[in-house]
Structure formats: structure tokens, C-alpha cells
Amino acid sequence: MIDGSPPTTGHLHTYRTQGHLILEFHGEIDVSAALEMAPALDMYTALPALEAIIDLSHVEFFDCSGLRLLCRARRRILDHSGELQLVCDHPLTLHILRVTGLFPGFAPVPSLAVALDRSDDIEEAG
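Keep in mind that this is a model prediction, so the values were computed, not measured.

**Q** Tell me about the pattern of salt bridges, residues and numbers included.
**A** Taken as a whole and judged by the stated rule, the model has three salt bridges. Its salt-bridge partner being Arg-72, residue Asp-42 comes within 2.8 Å of it at the nearest N-O pair. Here Arg-72 lies in helix α2 (residues 64-79) and Asp-42 lies in helix α1 (residues 31-45), a separation of 30 residues in the sequence. On the accessibility criterion, Arg-72 (34% relative accessible area) is partly exposed. For Asp-42, the salt bridge identified is with Arg-76, shortest N-O distance 3.6 Å. With Asp-42 in helix α1 and Arg-76 in helix α2, this pair connects stretches of sequence that are 34 residues apart.

**Q** Can you lay out the packing of aromatic side chains for me, pointing to particular residues and giving the numbers?
**A** Applying the stated rule across the entire model yields zero aromatic pairs. Across from the ring centre of Phe-103, 4.4 Å away, lies the NZ or CZ of Arg-98, which sits over that ring.

**Q** Can you lay out the nonpolar core for me, pointing to particular residues and giving the numbers?
**A** Phe-25, Ile-54 and Leu-56 are the most contacted members of the largest nonpolar core, which has 29 residues in total. Only β2 (20-29), α1, β3 (51-62), α2, β4 (83-87) and α3 (91-99) provide two or more residues apiece to this core. Of the residues forming this core, the biggest block, six residues, is contributed by α1. Those residues in contact with Phe-25 that sit more than four places away from it in its chain are His-11, Leu-12, Met-37, Leu-41, Ile-54, Asp-55, Leu-56, His-58, Val-59, Leu-69 and Leu-70. One finds Ile-53, Val-109, Leu-112 and Leu-116 within the second-largest nonpolar core, a separate group that totals seven residues.

**Q** Could you give an account of the sheet that holds β2, with specific residues and numbers?
**A** What the four strands build is an open sheet, ordered β1-β2-β3-β4; its pairing is mixed. Pairing within the sheet leaves two strands with one partner each, and these edge strands are β1 (12-17) and β4. Going across the sheet, the axis of each strand differs from the next one's by a mean of 20°, ignoring polarity. Direction of pairing for β1 relative to β2: antiparallel, over a ladder of six bridges. Residue Tyr-15 lies in a different strand from β2, and its bridge partner there is Ile-22. Contacting β1 and β2, α1 runs over the sheet at an angle of about 175° to β2.

Cut-offs applied
Residues numbered from 1 in each chain as written. Predicted model: local features only at pLDDT ≥ 70, side-chain atom pairs only at ≥ 80, totals over all residues. Heavy atoms only, no water. Salt bridge = Lys/Arg side-chain N within 4 Å of Asp/Glu carboxyl O. Helix = DSSP H or I, 4+ residues; strand = E, 2+ residues; numbered from the N terminus. Buried < 20%, exposed > 50% of the residue type's maximum accessible area, 1.4 Å probe, protein only. Phe/Tyr/Trp six-rings, centres within 6.5 Å; stacked < 30°, edge-to-face > 60°. Lys NZ or Arg CZ within 6 Å of the ring centre and 35° of its normal. Core = buried A, V, L, I, M, F, W, Y, C linked by side-chain atoms within 4.5 Å. Contact = heavy atoms within 4.5 Å. Pairing = 2+ DSSP bridges. Axes fitted to C-alpha atoms, helices over the stretch in contact; angles between N-to-C directions.

Here it is in C-alpha cells:
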């Protein structure tokens, strides 16, 4: 949990590592889960210059409600001059991102380790 933050929900776990806020989605991300997660996710994504990674590795089901959460989080993070990476290796979720045309904007990577390595490579190049 981040200082001063609301408690994590059953579907959203957060922690910091290597300068990034990791937002782990868990379980079935449907309309009920999205309603539960939205207030905490909105609070985190309002932080200025946030370097965030949304990790979908622990997601069992993901529908359009989850997609809305991702799009909202991405927009809010970018609006606050932050950066967002997405970890996802689930074929159905990747398919949803492709057919909706959102795949290039999220450019998902298969693991948290890859996302963190990618960030290190970007920092070294900059």
C-alpha cells in the first residue's frame, strides 16, 4: 500500500519497485470488479509524473469493463506527464486489445521483469 492511500481491493494490489508503481489486477475483471477498483485506481493515476506498470498476469477474466479501466488509467497517467507499461500474456486479453485497435497504444510485454528491463533500457538511452 502507498502512504495515504485507500486499502487495496481484492482485485487491485499495489506496490513500488525500482521506481515504479505496480498496479496488479487480480481475478475476474468485470463490471463489479471495475466499480470496486475505480476509486483506488483513480487516486493512483492522479499522481504527477507516475511511472506505472499495470500487471494483468493474475487476471482470469477480462471484459470491456476492464478495458475501460485500462484506457482511463492510461489517459490519466499520460495527462499527468507519467508513463505506463502493460504486462499481459493472456491470449484472449491480447486479442481484445488487438481487435479494438488498442494494442499499439499499450504495447504489452509478457512479464513484469521484461517491463522493468525495458524501463532500464529507456533510461540508459535517454
